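Understanding the architecture of this molecule
What follows is the residue order along each chain.
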Amino acid sequence: MDPKLEERARELRTLLQKASIAYYVHDAPILEDSVYDRLYRELQELERAYPELVTPDSPTQRVGEKPAEHFPTVFHRIPLYSLENAFNPEELEEWQERLLRVLGRAPVPDGGTEGELEYVCELKIDGAALALTYIEGLLERGATRGDGQAGEDITPNVRAIRSIPLRLATADPPPVLEVRGEVYLALAEFERINRERCSAGDPPFANPRNCAAGTLRQLDSRVVAARKLSFFAYALHWPEGWPAGDPPQTQWQCLQQLKELGFPVNPLSQVCRGLGEVIQFYERWRGAQLPYASDGVVVKLNSLRLQEEAGFTQKFPRWAIALKYPAQEVPTRIRAILASVGRTGAVTPVAELEPVPLAGTLVSRASLHNADRLRELDVHIGDTAIVRKAGEIIPEVVGILKELRPADAVPYSLPSQCPECHAPLVRPPGEAVTRCPNPECPAKLR
């Protein structure tokens, strides 16, 4: 092997890795796209001619050539906990009161600042959690969250996400490094994918989160690369004994260290002194137009020592909470109402709507729940309805603007017979749900 070829391949790998970090982490490109593409192709051709030049951290190794057949289950070295939710500032204050009791601290006096805790606020990205493991600085494994204890090994797909470094940007990597973050799909990319799917006659994805999660579990990593997923890192588990400087003492220092190691970190994160500044951060970004879907703010104790002292419940870290945005509500017209029969025979009235953007997706159907809800809302076909996402996922009708009701609006009630099999519907005493009792109903079987 000609030493000059080895040196050229090493130079190309290094430059392309630096270009990726500059582009994805610092938002400051150092190469034009056309230049990057030309250098990438040169490295690709070198490796094709001399396979011994291929290294695991080469940018050309992000996308595999063959689809995977399945994803093996792997256990996380460090569990991935979910977050407790708060839905208003009052619930956030209650969380802090519990936290103060655990830490043995006195409540902060009204209007006072002495003794206030320091927090880091990060936008809660509506995506899919990812656990990354690096061995001697090289990406060894990427896994889904799963149940928090075990997930799926999707390493070939993770390697196809260009904003995730294949090699840590340090000359002195630790033996093992665990990083946590969120994979998400930019709204513009989500819209592009759905346009292409509609043009091909395929059903569009419901929302960016579902599209991102489904993309991560594609068996062909080339599909993952084509969908251009993005990534924000938010947690760094510093290994004991790593000699590369002093370990971080705060969550904020962890975020800065992640950037130094080559990971993209959300630039809108902020250190906040006390809940007053946390609420200001929350209000600043609630309803803001962002290039990705965000459904709230994650609030974390900044001090890692206090985090360790606070510990965990069975489900949540006591030192962090998600302050969720209120459900967004939008008006739209009801075109029609259908009775949908579910797996258990439950009959749900569903409103067919004039399509309307809602919380990052285009909504054209919404639940009306049951006969009692229909009667309570006094729903007519042709009405203008107020729609929101229940639990931020399922669209539901929460109100009717009766002053906008047209003269030809038609009142609606559930049918007396199953719309699928025509069996008489029943509503058991004491239940709100109307059901089809036929065990052979085609809707149940589907």
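See the structure shown above.
Quantities reported herein were computed from a predicted structural model and do not represent experimental measurements.

Here is what the cut-offs are and how they apply
Residues numbered from 1 in each chain as written. Predicted model: local features only at pLDDT ≥ 70, side-chain atom pairs only at ≥ 80, totals over all residues. Heavy atoms only, no water. Helix = DSSP H or I, 4+ residues; strand = E, 2+ residues; numbered from the N terminus. Contact = heavy atoms within 4.5 Å. Areas by Shrake-Rupley, 256 points an atom, 1.4 Å probe, with all protein chains shown as cover. Lys, Arg positive; Asp, Glu negative; His and termini not counted. Charge placed at Lys NZ, Arg CZ, Asp CG, Glu CD. Core = buried A, V, L, I, M, F, W, Y, C linked by side-chain atoms within 4.5 Å. Buried < 20%, exposed > 50% of the residue type's maximum accessible area, 1.4 Å probe, protein only. Pairing = 2+ DSSP bridges. Salt bridge = Lys/Arg side-chain N within 4 Å of Asp/Glu carboxyl O. Axes fitted to C-alpha atoms, helices over the stretch in contact; angles between N-to-C directions. Left-handed = near helix turned anticlockwise from the far one by under 90°.

1. Section: the overall build of the chain
If you tally the helices and strands in the chain, you get 12 helices and 19 strands. Counting only C-alpha atoms, the chain reaches 80 × 65 × 40 Å along its principal axes. Put simply, of all contacts in the chain between residues at least 6 apart along the chain, 67% involve residues at least 24 apart. Total accessible area on the chain stands at roughly 23000 Å², and carbon and sulfur atoms take up 51% of it. Averaging the locations of the 52 positively and 62 negatively charged side chains of the chain gives two centres separated by 4 Å.

2. Comments concerning the nonpolar core
If you look at the biggest cluster of nonpolar residues, it comprises 36 residues, and the most contacted ones within it are Leu132, Phe231 and Phe263. Of all the secondary-structure elements, those providing two or more residues to this core are strand S4 (128-135), strand S7 (176-184), helix H5 (187-199), helix H6 (208-216), strand S8 (230-237) and helix H8 (251-260). When neighbours within four sequence positions are excluded, Phe231 is seen to be in contact with Leu130, Leu132, Ile161, Ser163, Ile164, Arg180, Gly181, Glu182, Val183, Tyr184, Phe263 and Pro264. Grouped together as the second largest cluster of nonpolar side chains are 31 residues, Trp95, Leu117, Cys272 and Leu290 included.

3. Re the environment of Arg388
When you line up the elements, Arg388 lands in strand S16 (residues 384-390). For the pair Arg388 and Val398, spaced 10 residues apart in the sequence, the C-alpha separation amounts to 7.0 Å.

4. Description of the pairing of strand S12 (residues 329-341)
Two strands pair when backbone bridges link them, and S12 and strand S13 (residues 346-358) are joined in this way by 7 bridges, in the antiparallel orientation. Bridge pairing in S13 links Ala339 to Pro349. Where S12 hands over to S13, the hairpin turn is made up of 4 residues, of which Gly345 adopts a positive phi near 90 degrees.

5. Topic: the pattern of salt bridges
Across all of its chains, the model carries 28 salt bridges by this definition. For the salt bridge of Arg209 with Asp126, the shortest nitrogen-to-oxygen distance reads 3.1 Å. Note that Arg209 is positioned in helix H6 and Asp126 in the loop between strand S3 (118-125) and S4, a separation of 83 residues in sequence. Given a relative accessible area of 18%, Asp126 falls into the buried group. The shortest N-O distance in the salt bridge between Asp378 and Arg405 comes to 3.3 Å. Here the residue Asp378 occupies a position in the loop between helix H11 (371-377) and strand S15 (380-381), and Arg405 occupies one in the loop between strand S17 (394-400) and strand S18 (410-411), the gap between them amounting to 27 residues. Residue Asp378 is classed as partly exposed on the basis of its relative accessible area of 31%. Of the residues examined, Arg405 reaches a relative accessible area of 24% and is grouped as partly exposed. Beyond isolated ion pairs, a larger network of salt bridges with shared partners links Asp378, Asp383, Lys402 and Arg405.

6. Thoughts on the sheet that holds S8
Sheet architecture is open: 4 strands sit in the order S5-S4-S7-S8, paired in antiparallel fashion. Both outer strands of the open sheet, strand S5 (138-144) and S8, are each paired with one neighbouring strand and no more. Each neighbouring strand pair of the sheet contributes to a mean axis angle of 30 degrees, computed without reference to strand direction. Taken together, the 8 bridges between S4 and S7 define a ladder with antiparallel strand orientation. Paired with Leu130 across the strands is Gly181, a residue of S7. Strands in contact with H8 are S7 and S8; relative to S8, the strand with the most contacts, it is inclined by about 125 degrees.

7. Side note on the sheet that holds strand S10 (residues 294-301)
Two modes of strand pairing occur in sheets, parallel and antiparallel, and in both the strands are linked by backbone hydrogen bonds. The 5 strands are arranged S2-S11-S10-S3-S9 in an open sheet whose pairing can be described as mixed. Of all the strands in the sheet, the pair left with one neighbour each is strand S2 (85-86) and strand S9 (270-273). Strand direction decides the pairing type here: S10 and strand S11 (residues 320-324), joined by 5 bridges, are antiparallel. Directly across from Lys300, in S11, lies its bridge partner Ala320. Here helix H9 (residues 274-285) sits on the sheet and contacts S3, S9, S10 and S11; the angle it forms with S9, its principal contact strand, is near 140 degrees.

8. Examining the packing of helix H3 (residues 89-103) against H9
Where H3 meets H9, the axes come as close as 11 Å, and the angle between the chain directions of the two elements is 145 degrees. Taken as a pair, H3 and H9 cross one another with a handedness that is right-handed. Residue-level contacts link Pro89, Leu92, Glu93 and Gln96 of H3 to Leu275, Val278 and Ile279 of H9.

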